[in-house]
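# Understanding the architecture of this molecule
The lines below spell out each chain.
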Amino acid sequence: MRWGNTGEARPRGTWSDVRMRAAGAACAAQLPVAGMVAFTLTLDDDSRGTGGGPALGLACLFVFGPLLLPVVGLLHSAVLTLPAVGLGRLGAAHLGRGPEWAWSLACLLPVGAAWAACLAVLGAPFVGPALWIAASGILPALHVAYCRRREERLGRPLRKVWILSGLTSLGVCVALFGGAVVGTATGLIKEYEPPEPTAAQLAGTWRGEDDESVVLRLRKDGRAVLDGTPFERFMTEAGGSYDGEPARCHATGTWTLGRDRYERRPAVAVDAKGCGDSQLWTVGGTKARPELFVSFGDPDSPDIEVLVRRRG
């Protein structure tokens, strides 16, 4: 069969250039939009001192995106979208019930589950990743079906698929960014504000969020008891560099309520002999569930210890 009078053979194969371009362009276009949505959703989150991370990642995406997104889009289409489209074609051809695009969408789930199973072998969860991987192929699969129908109506292959997808993605991102700016300015979207507890409210027992053996007791009289809290040792013989893994402190000392000079948040300054320099446990969480956290290690990718309030 031919494309009208152009003499070009109609591309029927699942892995045809037309379908690969359609799937890759849709995937590349949806990634910046997903990044912008994720950035907007983090405006009201407790960043735990990493508030610049989402913004920096978004900036890098727009700078390097034009070079990387086409590659990522084609890779995504090769490992997820086109296998699902191929299974959908087989299902529609052999069972003959429902449109091919519906079969393609249904087949995204087993393909996503197969990749999630590979991640599960490495220790990752299964259900959540399977659903997210499958969901990432919905728009590309629908775009493949749309491009195929449009080509059949026009009688010729579509051109400028990448350009149109890129312009659409840019327009949606600009609209989302403008909406986030307006929402923040009008108060519809509230940026995160840490609680402002008093010293009396901070007094009590704080334990590790993941490890309850880490204990920090803040007495009302200004004394502090540290049991397993982390601190960074300096290797003076190595010129003051960190020695890697944080040490664990078991000591008594004093504490005061102050401010984190970088984040401008309330912070608990703890001084204990033999536990390094004065530590700043920054206040985070919410008013109903406050937290104390401290970061150590590489400033670009720090390890964060989080303490939560234990009553009694």
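Summarised in this report is the structure supplied together with it.

Parameters at a glance
- Residues numbered from 1 in each chain as written.
- Predicted model: local features only at pLDDT ≥ 70, side-chain atom pairs only at ≥ 80, totals over all residues.
- Heavy atoms only, no water.
- Helix = DSSP H or I, 4+ residues; strand = E, 2+ residues; numbered from the N terminus.
- Buried < 20%, exposed > 50% of the residue type's maximum accessible area, 1.4 Å probe, protein only.
- Contact = heavy atoms within 4.5 Å.
- Expected span 1.5 Å × (residues − 1).
- Salt bridge = Lys/Arg side-chain N within 4 Å of Asp/Glu carboxyl O.
- Axes fitted to C-alpha atoms, helices over the stretch in contact; angles between N-to-C directions.
- Parallel < 35°, antiparallel > 145°, perpendicular 65-115°, else oblique.
- Left-handed = near helix turned anticlockwise from the far one by under 90°.
- Nonpolar A, V, L, I, M, F, W, Y, C, P; charged D, E, K, R; others polar.
- Disulfide = S-S within 2.5 Å.
- Patch = residues over 30% accessible without salt bridge, like charges linked within 9 Å, V, L, I, M, F, W, Y side chains within 5 Å.
- Areas by Shrake-Rupley, 256 points an atom, 1.4 Å probe, with all protein chains shown as cover.
- Lys, Arg positive; Asp, Glu negative; His and termini not counted.
- Charge placed at Lys NZ, Arg CZ, Asp CG, Glu CD.
- Pairing = 2+ DSSP bridges.

Within the protein chain, the secondary structure is distributed over seven helices and 10 strands. Counting all 312 residues of the protein chain, 36% fall into the buried class. Once local pairs closer than 6 in sequence are excluded, the contacts in the protein chain between residues at least 24 apart make up 55%.

For the rest of this paragraph, the subject is helix H6 (residues 161-186). Along its 26 residues, H6 runs 37 Å from first to last C-alpha, staying within 8% of the 38 Å computed at 1.5 Å per residue. Of all the positions in H6, only Val 161, Ser 165, Ser 169, Cys 173, Ala 180 and Gly 183 are classed as buried. At the exit of H6 stands Gly 187, carrying a positive phi of roughly 90 degrees.

Turning next to the pattern of salt bridges. Counted under the stated rule, the structure contains seven salt bridges. Of the charged contacts, one joins Glu 291 and Arg 289 as a salt bridge, the two residues approaching to 3.1 Å between their closest N and O atoms. Within this structure, Arg 19, Glu 100, Arg 148 and Glu 152 form a network of salt bridges that share partners.

The next subject is the packing of helix H3 (residues 100-121) against helix H4 (residues 127-135). Where H3 contacts H4, the two axes come as close as 8 Å, and the packing angle between them is 135 degrees. Relative to H4, H3 is oriented oblique. Viewed along their axes, H3 and H4 form a crossing whose handedness is right-handed. Every residue of H4 that contacts H3 at Leu 108, Leu 109, Gly 112, Ala 113, Trp 115, Ala 116 and Leu 119 is listed here: Pro 129, Ala 130, Leu 131, Ile 133 and Ala 134. Taken together, the residues of the contact of H3 with H4 break down into 11 nonpolar, one polar and no charged.

Attention now goes to unusual backbone geometry. Phi at Lys 160 is positive, roughly 60 degrees, even though this residue is not glycine. Positionally, Lys 160 belongs in the loop between helix H5 (138-154) and H6.

The next thing to look at is the state of the cysteines. In this structure the tally under the stated criterion is one disulfide. Paired through a disulfide, Cys 249 and Cys 275 show a sulfur-sulfur distance of 1.5 Å. Its torsion about the S-S bond being 55 degrees, the disulfide of Cys 249 and Cys 275 is classed as right-handed. With Cys 249 in strand E6 (residues 247-259) and Cys 275 in the loop between strand E7 (266-272) and strand E8 (279-285), this residue pair connects regions lying 26 residues apart in the sequence. A residue is classified by how much of its surface remains accessible, and Cys 249, at 2% relative accessible area, is buried.

Here we take up H3. In a regular helix each residue adds 1.5 Å, so 22 residues correspond to 32 Å; H3 covers 32 Å between its end C-alpha atoms and thus fits that length. By the burial criterion, the buried members of H3 are Ser 104, Cys 107, Leu 108, Val 111, Gly 112 and Ala 116. Just downstream of H3, Gly 123 is the residue with a positive phi angle, here 105 degrees.

A few words now on a positive patch on the surface. A surface patch of like charges, here positive, comprises Arg 149, Arg 150, Arg 153, Arg 156 and Arg 159. With respect to the element layout, Arg 149 can be found in helix H5. Accessibility expressed as a relative area gives 40% for Arg 149, which makes it partly exposed.

Locating Phe 231 in the fold gives a position in strand E3 (residues 223-231). According to the relative accessible area criterion, Phe 231 is buried, its value standing at 7%. Leave out the neighbours within four places in its chain, and Phe 231 touches Pro 246, Ala 247, Arg 248, Cys 249, Gly 274, Cys 275, Gly 276 and Gln 279.

We now examine the pairing of strand E9 (residues 290-296). Burial of E9 is extensive: six of the seven residues sit out of reach of the surface. Looking at chain direction, E8 and E9 are connected through four bridges and run antiparallel. Across the sheet, Gly 284 pairs through a bridge with Glu 291, a residue of E9. Once E8 ends, the chain turns through four residues before running back antiparallel as E9.

Next up on the list: the packing of helix H1 (residues 17-41) against H6. Where H1 contacts H6, the two axes come as close as 9 Å, and the packing angle between them is 10 degrees. Relative to H6, the element H1 is oriented roughly parallel. Where H1 abuts H6, its residues Arg 21, Ala 22, Gly 24, Ala 25, Ala 26, Ala 28, Ala 29, Pro 32, Val 33, Met 36, Val 37 and Thr 40 lie against Val 161, Trp 162, Ser 165, Ser 169, Val 172, Cys 173, Leu 176, Phe 177 and Ala 180. Its residues placed into classes, the contact of H1 with H6 shows 16 nonpolar, four polar and one charged.

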